[in-house]
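Analysis of the macromolecular model
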Amino acid sequence: MKNSIMLLGFLLLLAHSLIAQISLDSMSYPETEIGTDSLKVTTYSSAFPTFASMAGGTWDLSIITDSTPVLFASRVPTVSPYQFADSNQYSFAGFNYQGKVKSSITNDGLLEYGLITPRTPYNISAITTGPYDSFIIQAQSINYSKYRIKLAFPATYYNSWTSQYHFDMDFLLTYLILGDTSAPGIVRTYTTETDSVVGWGKMRINDATGSPSPFLDVLQVQTIITHADSFFLKGLPFSTTMLTFFSVTQGQKDTVYEQNFYRQSEVTPLAQVEFRDAGYTQPYKATTHVQRLSNVGVPVTGIESKWKAYPNPVCGNSLYLEMPACTGTAAYELTGMDGQKVLTGIIPVNVQTAKLDIPASVAPGIYNLQMYVKGCQVFSTLVDLMK
């Protein structure tokens, strides 16, 4: 009798676990992913909870301290056959650039096919002492040799998958003392990635106002990414001088350890946690997705907000904002309809009002304005800049 009761209890627990965990497939997502996401970043200065692999676990990220205001990531249309492009930030030898990841949701998974990068010039005269020396990341559409599987379907407990691909990023280097003028170069990157669904459960984070969200169902995906880079200038491997200049080595490897917590309907993880070690015991950075958190802290947009932006269309170089119940400073970001950032900064909020000065260098057109005041809310609206 005792054994029968124990067996019944075990079966009940097993049934509960099978019902509680989520599984993600192509039907878990809406037809379009176009829009703008709001993200928060927390660094090692904060205390973190444990991220041990768990079935039926609970992860409470509302205890962590955000180290930056809300950041904005644009998800924009892209060329066929891809469904959307997800904006991201990248870096080579300290030179930062923005890339839009060509992505699609298919029956096989959430797939990434390459990058679209804008022309990004840097004056390097402070390093070379040559007043006309420059490093330019070219405008380009980069294709991976094989697509990256960000999330394989069906994504469920114990599933795993691997991605292997390589790609080239083009640049131009002008270094007159060495006789280089707009010399073409390539950074060739080989990537191996392994992903495993190691747990499931519930997670909550702080919303846009800093308040705890409800607990949401998530899948815990453990990720190991290894990059190996090679460097070429004018068709030849970097010389020792160039390797020293860029502070790189041929074939250098970097390994990234992450845990990504995915939920229904969102291609952006509810939380992405980066670790210093392969044992996933030393978290040092978390990026949380602070949008669409049930009825708590959902950032309002456009006419749903009590905020006002005027005059709109903007005929001069100034935009005024009324921000009821908000004081302090406002972080803002102005992006074009292609997702390209054109203006970012922080402005003071005085007596619930603020003034945003738009430089004459910003071309006329339709822009998306995102603003965030700590402890208040996220504001998003379209701005028609007529000049």
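Each chain has its residues counted from 1, following the order in which its sequence is written. Given that the model is predicted, a residue must reach a pLDDT of at least 70 before its local features are reported, and side-chain atom pairs must reach 80 or more before they are shown or counted; all residues, however, enter totals for whole chains, interfaces and linings. Side-chain numbers here rest on the full set of heavy atoms in the structure, without hydrogens or water.

Another point: the packing of aromatic side chains. Here is the rule: rings of Phe, Tyr and Trp (six-membered ring for Trp) pair when centre to centre is within 6.5 Å. Planes less than 30 degrees apart are stacked, more than 60 are edge-to-face, and the remainder are tilted. Per the stated rule, a full pass over the model turns up 27 aromatic pairs. Taken together, a centroid distance of 5.1 Å and an interplanar angle of 40° make the contact between Phe135 and Phe171 tilted. Residue Phe135 is found in strand E8 (residues 134-137), and its partner Phe171 is found in strand E10 (residues 160-175); the two are separated by 36 residues along the sequence. Across the pair, Phe171 and Phe135 agree in class, each one buried. An angle of 85° between the planes, with centres 4.9 Å apart, marks the rings of Phe245 and Phe246 as edge-to-face. We note that Phe245, like Phe246, is buried. Secondary structure elements are defined from DSSP: runs of H or I of at least 4 residues count as helices, runs of E of at least 2 residues count as strands, and each element is numbered from the N terminus. Whether a residue is buried, partly exposed or exposed follows from its accessible area with a 1.4 Å probe, protein chains only, as a fraction of its type maximum: under 20%, in between, or over 50%, in that order.

What follows deals with the sheet that holds strand E18 (residues 318-322). Strand pairing is assigned whenever DSSP detects at least two bridges linking the two strands. Taken in spatial order, the 3 strands make up an open sheet running E17-E18-E21, and their pairing is antiparallel. This sheet does not close on itself; its edge strands, each paired only once, are strand E17 (308-310) and strand E21 (353-357). Taking each pair of neighbouring strands and ignoring which way they run, the sheet shows an average axis angle of 20°. Bridging between E17 and E18 involves 3 bridges; their strand directions are antiparallel. Bridge pairing links Ala309 to Leu321 in E18. In this analysis an axis means a line fitted to C-alpha atoms, helices contributing only their contacting stretch, and an angle means the value between N-to-C directions, from 0 to 180 degrees.

In the case of a regular strand, side chains alternate between the two sheet surfaces. Two elements, strand E12 (residues 216-233) and strand E14 (residues 252-262), share 11 bridges in a ladder whose sense is antiparallel. Looking at the pairing, Thr223 lines up with Glu258 of E14. In the sheet, E14 pairs with strand E15 (residues 271-275) via 5 bridges, with the strands oriented antiparallel. Bridging from a neighbouring strand, Gln259 pairs with Val273 of E15.

A pairing counts as a salt bridge when a side-chain nitrogen of Lys or Arg comes within 4 Å of a carboxyl oxygen of Asp or Glu. Tallied over the entire structure, the rule returns 8 salt bridges. Lys40 is the partner of Asp66 in a salt bridge, and the nearest nitrogen-oxygen pair spans 3.3 Å. One end of the pair, Asp66, is in the loop between strand E2 (55-60) and strand E3 (71-76); the other, Lys40, is in strand E1 (residues 35-43), with 26 residues separating them in the sequence. Here Asp60 ties to Arg204 by a salt bridge, and the two come within 3.0 Å at their closest N and O atoms. Residue Asp60 is found in strand E2, and its partner Arg204 is found in strand E11 (residues 180-204); the two are separated by 144 residues along the sequence.

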